[in-house]
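Results of the structural survey
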Amino acid sequence: MASASEAQKVLTGRTATHDDVEIVERLVQYAFRGGKQSAKSWTGEEHLVRGPRITIEELHKILDLSDQVILLAELGDGIESQLVGCIHVTQEGDHSHIGMLAVDPDVQSVGAGKFLMSWAERYALEQFESKEMVGEVVSGRPELMDWYMRLGYEQTGETAPFNPPGVTPLVEGLHFVKIRKRLAR
Ligand SMILES: CC(C)(COP(=O)(O)OP(=O)(O)OC[C@H]1O[C@@H](n2cnc3c(N)ncnc32)[C@H](O)[C@@H]1OP(=O)(O)O)[C@@H](O)C(=O)NCCC(=O)NCCS
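What this report covers is the structure whose coordinates are included nearby. Fair warning: this is a prediction, and the values are worked out from it, not measured in the lab.

1. Details of unusual backbone geometry
The phi dihedral of Met 100 falls on the positive side, at around 55°, and the residue is not glycine. Assignment of secondary structure puts Met 100 in strand β5 (residues 95-103). Residue Met 100 is classed as buried on the basis of its relative accessible area, which comes to 3%. Positive phi values are uncommon outside glycine, yet Ser 109 reaches one of about 70°. The topology assignment puts Ser 109 in the loop between β5 and α4 (112-126). Among the residues examined, Ser 109 registers a relative accessible area of 63% and is labelled exposed.

What follows is the structure in structure tokens.
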């Protein structure tokens, strides 16, 4: 839960630059694999997989590409702000793909996740002229899938193997479940 002082702060967004990669890498790893939440909590993946979610080298490569962007959310009071979340958007033909959505576990449930999703969809629509947003959710996270459904996403019925490089699944049969949402102005 957000503290009273956190609740008075405002979320703002900006696009990431090469200067942000170290802090973004730490944030992503902490959110996906090293959060404060207990194992099997709805928010992280530490009970499902082990290994890096992203590397600094991969982040630099993303930032060199014109069809990809990393959006950052900051929480601040107008004087100071802190990075609290990020999302990676990739243009893929007539649709865009979201990935690496991560919110600092210390600042979750104050709306940063929904803020980033909404901005990613607007960015895809306006900058990449995408008609649809697609993504995937790792199996075994029903609460997270429910969260995407509440944001208007639906399952496509397709799955994909879970085999990111350098990552070890901790449970049998782990896979990605594909989701999508139609984007409209
Ligand atoms: C998923 C994630 C981005 C959400 O970020 P967030 O900033 O906490 O999200 P918001 O504050 O916008 O929304 C919080 C939601 O969590 C829900 N929630 C909070 N605690 C919950 C719990 N114990 N069980 C289920 N849902 C819970 C709230 O109901 C709220 O959803 P609602 O507004 O639709 O009711 C964040 O948990 C995260 O970074 N997780 C680790 C990385 C990850 O899994 N990314 C997604 C990969 S596909």
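2. Focus on the site of the ligand
In the region of the ligand, 21 residues are neighbours, and Thr 43, Val 103, Lys 114, Arg 141 and Arg 150 sit closest. Between the ligand and the protein, one listed contact pairs an oxygen atom with a backbone N or O atom of Gly 111 at 2.8 Å. In the environment of the ligand, an oxygen atom lies 2.7 Å from a nitrogen or oxygen atom belonging to the side chain of Arg 150. Compared with its free state, where it exposes 980 Å², the ligand has 76% of that area covered by protein. Mapped onto the shell around the ligand, the elements with two or more residues apiece are α2 (21-33), β5, α4 and α5 (142-150).

3. Looking at the pairing of β5
On a regular strand, one side chain projects to one face of the sheet and the next to the other, so that they alternate. Most of β5 is tucked away: eight of the nine residues are buried. Sheet analysis places strand β4 (residues 81-92) next to β5, joined by seven bridges and oriented antiparallel. When the sheet's bridge partners are listed, Gln 91 is paired in β5 with Ser 96. The loop that links β4 with its antiparallel partner β5 comprises two residues; one of these, Gly 93, has a positive phi angle of about 65°. Pairing analysis gives three bridges linking β5 to strand β6 (residues 132-138), with the strands arranged parallel. Paired with His 95 across the bridge in β6 is Glu 132. Once the chain exits β5 it traverses α4 before rejoining the sheet at β6, and the crossover so formed is right-handed.

4. Brief notes about the pattern of salt bridges
In total, this model carries six salt bridges according to the counting rule given. Here Asp 20 ties to Arg 14 by a salt bridge, and the two come within 2.9 Å at their closest N and O atoms. The partner of Arg 33 in a salt bridge is Glu 45, with the nearest N and O atoms 2.7 Å apart. Of the two residues, Arg 33 is situated in helix α2 and Glu 45 in the loop between α2 and β2 (49-50); the sequence distance between them amounts to twelve residues. For the pair formed by Arg 33 and Glu 45, the shared burial category is buried. Because the salt bridges share partners, they merge into one network encompassing Arg 14, Asp 20 and Glu 74.

5. Things to note about the packing of α2 against helix α3 (residues 56-63)
When two helices pack together, their arrangement is given by the angle between the helix axes and by the axis-to-axis distance. Between α2 and α3, whose axes approach to 9 Å, the crossing angle comes to 120°. In terms of their interaxial angle, α2 and α3 are classed as oblique. Like other packed secondary-structure pairs, α2 and α3 cross with a definite hand, here right-handed. Contacts between α2 and α3 involve Val 21, Glu 22, Val 24 and Glu 25 from the former and Ile 56, Leu 59, His 60 and Leu 63 from the latter. Across the contact of α2 with α3, the residue classes tally to five nonpolar, one polar and two charged.

Cut-offs applied
- Residues numbered from 1 in each chain as written.
- Predicted model: local features only at pLDDT ≥ 70, side-chain atom pairs only at ≥ 80, totals over all residues.
- Heavy atoms only, no water.
- Helix = DSSP H or I, 4+ residues; strand = E, 2+ residues; numbered from the N terminus.
- Buried < 20%, exposed > 50% of the residue type's maximum accessible area, 1.4 Å probe, protein only.
- Near = heavy atom within 4 Å.
- Polar contact = N/O pair within 3.5 Å; in protein donor to acceptor, adjacent residues only side chain to side chain.
- Areas by Shrake-Rupley, 256 points an atom, 1.4 Å probe, with all protein chains shown as cover.
- Pairing = 2+ DSSP bridges.
- Right-handed = clockwise from strand over helix to strand, strands pointing away.
- Salt bridge = Lys/Arg side-chain N within 4 Å of Asp/Glu carboxyl O.
- Axes fitted to C-alpha atoms, helices over the stretch in contact; angles between N-to-C directions.
- Parallel < 35°, antiparallel > 145°, perpendicular 65-115°, else oblique.
- Left-handed = near helix turned anticlockwise from the far one by under 90°.
- Contact = heavy atoms within 4.5 Å.
- Nonpolar A, V, L, I, M, F, W, Y, C, P; charged D, E, K, R; others polar.

Don't take any of this as a statement about function, it's just geometry.
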